[in-house]
Amino acid sequence: MRIGVLALQGAFAEHIAMLERCGAEAFEIRQKKDLDRNFDGIVIPGGESTVMGKLLNELDLSEKITSLIRQGMPVLGTCAGLIVLANEIVGGEAPHIGTMNIAAKRNAYGRQLGSFNAEGEFKGIGVIPMTFIRAPYIERVGEGAEALASVDGKIVAARQDNQLVTAFHPELTGDLRVHEYFLSMIK
Ligand code: GLN
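All of the points below concern the structure found in this document. (Residues numbered from 1 in each chain as written. Predicted model: local features only at pLDDT ≥ 70, side-chain atom pairs only at ≥ 80, totals over all residues. Heavy atoms only, no water.)

Tracing the backbone through its elements, the reader meets Ser62 in helix H3 (residues 62-70). Ignoring anything within four residues of it in the chain, the contact list for Ser62 reads Leu56, Asn57 and Ile97. (Helix = DSSP H or I, 4+ residues; strand = E, 2+ residues; numbered from the N terminus. Contact = heavy atoms within 4.5 Å.)

What follows is the structure, given as C-alpha coordinates:
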(Lines give C-alpha, C1' and ligand atoms only; values in the text may rest on other atoms or scores of the structure.)
Protein backbone atom coordinates (compact mmCIF):
# COMPACT_ATOMS: atom_id res chain seq x y z
CA MET A 1 0.00 0.00 0.00
CA ARG A 2 1.42 3.39 -0.95
CA ILE A 3 0.22 6.65 0.60
CA GLY A 4 0.96 10.17 -0.61
CA VAL A 5 1.32 12.69 2.19
CA LEU A 6 0.81 16.33 1.26
CA ALA A 7 4.12 17.93 2.27
CA LEU A 8 3.68 21.63 1.59
CA GLN A 9 3.97 22.62 5.25
CA GLY A 10 2.94 21.33 8.67
CA ALA A 11 3.18 17.92 10.35
CA PHE A 12 3.78 15.68 7.33
CA ALA A 13 6.96 13.91 8.52
CA GLU A 14 5.13 12.52 11.56
CA HIS A 15 2.42 11.03 9.32
CA ILE A 16 5.03 9.39 7.12
CA ALA A 17 6.65 7.84 10.19
CA MET A 18 3.29 6.54 11.47
CA LEU A 19 2.31 5.08 8.09
CA GLU A 20 5.66 3.31 7.81
CA ARG A 21 5.23 1.91 11.31
CA CYS A 22 1.89 0.51 10.10
CA GLY A 23 3.72 -1.25 7.28
CA ALA A 24 2.64 1.08 4.47
CA GLU A 25 4.89 2.89 2.04
CA ALA A 26 4.65 6.69 2.19
CA PHE A 27 5.97 9.50 0.00
CA GLU A 28 5.76 13.29 -0.04
CA ILE A 29 3.46 15.17 -2.39
CA ARG A 30 5.18 18.49 -3.07
CA GLN A 31 4.38 19.23 -6.67
CA LYS A 32 1.97 18.29 -9.41
CA LYS A 33 4.10 15.56 -10.93
CA ASP A 34 4.11 13.70 -7.59
CA LEU A 35 0.41 13.03 -8.24
CA ASP A 36 1.30 11.04 -11.36
CA ARG A 37 2.66 8.22 -9.22
CA ASN A 38 0.56 5.18 -8.40
CA PHE A 39 -0.79 5.42 -4.90
CA ASP A 40 -3.72 4.24 -2.82
CA GLY A 41 -4.49 7.04 -0.39
CA ILE A 42 -3.72 10.64 0.56
CA VAL A 43 -3.00 12.30 3.89
CA ILE A 44 -3.58 16.03 4.37
CA PRO A 45 -1.72 16.91 7.59
CA GLY A 46 -2.06 19.56 10.25
CA GLY A 47 -0.48 22.95 9.79
CA GLU A 48 -2.11 26.19 8.81
CA SER A 49 -5.13 25.73 6.57
CA THR A 50 -5.02 29.17 4.93
CA VAL A 51 -1.36 28.68 3.96
CA MET A 52 -1.98 25.13 2.79
CA GLY A 53 -5.02 26.19 0.78
CA LYS A 54 -3.04 28.96 -0.88
CA LEU A 55 -0.14 26.64 -1.74
CA LEU A 56 -2.54 23.99 -3.09
CA ASN A 57 -3.79 26.55 -5.57
CA GLU A 58 -0.44 28.14 -6.39
CA LEU A 59 1.11 24.74 -7.10
CA ASP A 60 -1.96 23.70 -9.09
CA LEU A 61 -2.62 20.66 -6.90
CA SER A 62 -6.22 21.34 -5.86
CA GLU A 63 -8.01 20.17 -8.95
CA LYS A 64 -6.24 16.82 -9.26
CA ILE A 65 -6.52 16.05 -5.55
CA THR A 66 -10.22 16.98 -5.58
CA SER A 67 -10.87 14.69 -8.53
CA LEU A 68 -8.95 11.78 -6.95
CA ILE A 69 -11.04 12.13 -3.78
CA ARG A 70 -14.28 12.39 -5.78
CA GLN A 71 -13.29 9.23 -7.62
CA GLY A 72 -13.08 7.46 -4.25
CA MET A 73 -9.44 7.65 -3.22
CA PRO A 74 -9.25 7.33 0.57
CA VAL A 75 -8.10 10.53 2.29
CA LEU A 76 -7.18 11.28 5.89
CA GLY A 77 -7.30 14.94 6.91
CA THR A 78 -6.02 15.92 10.34
CA CYS A 79 -6.54 19.29 12.01
CA ALA A 80 -5.76 21.83 9.24
CA GLY A 81 -6.38 18.90 6.85
CA LEU A 82 -9.92 18.62 8.24
CA ILE A 83 -10.44 22.32 7.49
CA VAL A 84 -9.04 21.90 3.96
CA LEU A 85 -11.55 19.09 3.26
CA ALA A 86 -14.61 20.78 4.82
CA ASN A 87 -17.16 22.17 2.42
CA GLU A 88 -18.03 24.88 4.92
CA ILE A 89 -15.74 26.93 7.16
CA VAL A 90 -17.76 28.60 9.90
CA GLY A 91 -17.48 32.37 9.60
CA GLY A 92 -17.67 32.48 5.83
CA GLU A 93 -14.09 31.81 4.72
CA ALA A 94 -14.10 30.13 1.31
CA PRO A 95 -13.65 26.34 1.43
CA HIS A 96 -10.42 24.85 0.01
CA ILE A 97 -10.76 21.28 -1.36
CA GLY A 98 -14.27 21.18 0.11
CA THR A 99 -15.16 17.58 -0.73
CA MET A 100 -16.56 16.66 2.68
CA ASN A 101 -20.00 17.59 3.92
CA ILE A 102 -19.01 19.09 7.27
CA ALA A 103 -18.78 22.57 8.77
CA ALA A 104 -15.39 23.21 10.41
CA LYS A 105 -14.94 25.83 13.08
CA ARG A 106 -11.31 26.99 13.15
CA ASN A 107 -9.30 27.69 16.31
CA ALA A 108 -12.41 26.62 18.07
CA TYR A 109 -11.17 26.17 21.61
CA GLY A 110 -10.12 29.73 22.43
CA ARG A 111 -6.75 31.00 23.57
CA GLN A 112 -6.46 29.31 26.96
CA LEU A 113 -7.40 25.90 25.62
CA GLY A 114 -5.58 26.27 22.33
CA SER A 115 -3.60 23.08 22.89
CA PHE A 116 -4.47 20.13 25.11
CA ASN A 117 -4.55 16.35 25.39
CA ALA A 118 -7.69 14.31 25.88
CA GLU A 119 -8.93 10.77 25.59
CA GLY A 120 -12.09 9.83 23.81
CA GLU A 121 -14.06 7.01 22.28
CA PHE A 122 -13.53 6.70 18.54
CA LYS A 123 -16.27 4.66 16.91
CA GLY A 124 -14.84 1.45 15.49
CA ILE A 125 -11.54 1.80 17.37
CA GLY A 126 -12.16 2.32 21.10
CA VAL A 127 -10.75 4.88 23.51
CA ILE A 128 -7.71 6.66 22.07
CA PRO A 129 -5.43 9.53 23.13
CA MET A 130 -6.06 12.79 21.27
CA THR A 131 -3.66 15.74 20.96
CA PHE A 132 -5.25 19.06 20.00
CA ILE A 133 -3.16 22.00 18.75
CA ARG A 134 -5.14 25.15 17.97
CA ALA A 135 -7.63 22.69 16.63
CA PRO A 136 -10.92 23.07 14.83
CA TYR A 137 -14.01 21.13 15.73
CA ILE A 138 -16.84 20.01 13.50
CA GLU A 139 -19.86 22.17 14.12
CA ARG A 140 -22.14 20.16 11.87
CA VAL A 141 -21.96 16.90 9.93
CA GLY A 142 -24.14 17.04 6.84
CA GLU A 143 -25.78 14.32 4.83
CA GLY A 144 -23.52 11.39 4.09
CA ALA A 145 -21.06 12.25 6.87
CA GLU A 146 -20.99 10.49 10.22
CA ALA A 147 -19.51 11.72 13.52
CA LEU A 148 -17.02 9.17 14.91
CA ALA A 149 -15.77 10.91 18.05
CA SER A 150 -16.71 13.76 20.34
CA VAL A 151 -14.87 15.52 23.16
CA ASP A 152 -16.80 17.74 25.56
CA GLY A 153 -19.83 17.59 23.29
CA LYS A 154 -17.88 18.76 20.22
CA ILE A 155 -17.43 16.49 17.21
CA VAL A 156 -13.73 15.84 16.65
CA ALA A 157 -13.72 13.06 14.05
CA ALA A 158 -15.96 12.13 11.14
CA ARG A 159 -16.14 9.95 8.08
CA GLN A 160 -17.90 10.28 4.77
CA ASP A 161 -17.29 7.19 2.63
CA ASN A 162 -13.63 7.42 1.58
CA GLN A 163 -12.94 10.57 3.63
CA LEU A 164 -11.79 10.47 7.25
CA VAL A 165 -11.02 13.57 9.32
CA THR A 166 -9.83 14.25 12.83
CA ALA A 167 -9.58 17.59 14.63
CA PHE A 168 -6.75 16.15 16.71
CA HIS A 169 -3.30 14.91 15.67
CA PRO A 170 -3.21 11.08 15.64
CA GLU A 171 0.36 11.24 14.26
CA LEU A 172 1.64 12.80 17.50
CA THR A 173 0.44 10.30 20.08
CA GLY A 174 2.37 7.16 19.12
CA ASP A 175 -0.95 5.27 18.94
CA LEU A 176 -1.22 3.68 15.51
CA ARG A 177 -4.91 2.87 15.54
CA VAL A 178 -6.27 5.86 13.58
CA HIS A 179 -3.71 5.27 10.83
CA GLU A 180 -4.54 1.56 10.84
CA TYR A 181 -8.24 2.46 10.56
CA PHE A 182 -7.43 4.72 7.60
CA LEU A 183 -5.37 1.99 5.91
CA SER A 184 -8.28 -0.42 6.43
CA MET A 185 -10.42 1.92 4.28
CA ILE A 186 -8.17 1.07 1.32
CA LYS A 187 -9.43 -2.01 -0.38
N1 GLN B 1 -5.22 26.47 13.55
C2 GLN B 1 -4.90 25.81 12.32
C3 GLN B 1 -5.82 26.27 11.19
O4 GLN B 1 -6.77 26.92 11.44
C5 GLN B 1 -4.97 24.32 12.47
C6 GLN B 1 -3.98 23.87 13.51
C7 GLN B 1 -3.35 22.55 13.26
O8 GLN B 1 -3.41 21.98 12.16
N9 GLN B 1 -2.68 22.05 14.26
O10 GLN B 1 -5.58 25.95 10.06
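Before going further, it helps to spend a moment on the pairing of strand S6 (residues 100-105). In regular strands, side chains alternate between the two faces of the sheet. Judged by how many residues are buried, S6 sits mostly within the fold: five of six residues are covered. In this sheet, S6 lies alongside strand S5 (residues 86-89) in parallel orientation, the contact comprising three bridges. Looking across to S6, one finds that Ala86 is bridged to Met100. (Buried < 20%, exposed > 50% of the residue type's maximum accessible area, 1.4 Å probe, protein only. Pairing = 2+ DSSP bridges.)

The final tally for this structure, using the stated rule, is nine salt bridges. One salt bridge in this structure joins Arg2 and Glu25, with 2.9 Å as the shortest N-O distance. Separated by 23 residues along the polypeptide, Arg2 in strand S1 (residues 2-6) and Glu25 in strand S2 (residues 25-29) bring together distant segments of the chain. Its salt-bridge partner being Lys32, residue Asp60 comes within 2.7 Å of it at the nearest N-O pair. In this pair, Asp60 sits in the loop between helix H2 (49-58) and H3 while Lys32 sits in the loop between S2 and strand S3 (41-44), placing the two residues 28 residues apart along the sequence. For Lys32, a relative accessible area of 43% gives the class partly exposed. Connected through shared salt-bridge partners, Glu48, Glu93 and Arg106 make up one network. (Salt bridge = Lys/Arg side-chain N within 4 Å of Asp/Glu carboxyl O.)

Right, let's talk about the side chain of Thr131 for a bit. Mapped onto the fold, Thr131 is located in strand S8 (residues 126-133). Overall, Thr131 belongs to the buried group, its relative accessible area being 15%. A distance of 2.9 Å separates a polar atom in the side chain of Thr131 from a polar atom in the side chain of Asn117. Ignoring any residue separated from it by four or fewer positions in sequence, one finds Thr131 in contact with Phe116, Asn117, Phe168, His169, Leu172 and Thr173. (Polar contact = N/O pair within 3.5 Å; in protein donor to acceptor, adjacent residues only side chain to side chain.)

Our focus in this paragraph is unusual backbone geometry. Residues apart from glycine generally show negative phi values, whereas peptide bonds are mostly found in trans. Located in the positive-phi region is Cys79, a residue other than glycine, with phi close to 55°. Its location among the elements puts Cys79 in the loop between strand S4 (75-78) and helix H4 (80-85). Phi at Asp152 is positive, roughly 50°, even though this residue is not glycine. Note on placement: Asp152 falls in the loop between strand S10 (146-151) and strand S11 (154-160). On the basis of relative accessible area, Asp152 is assigned to the exposed category, the value being 73%.

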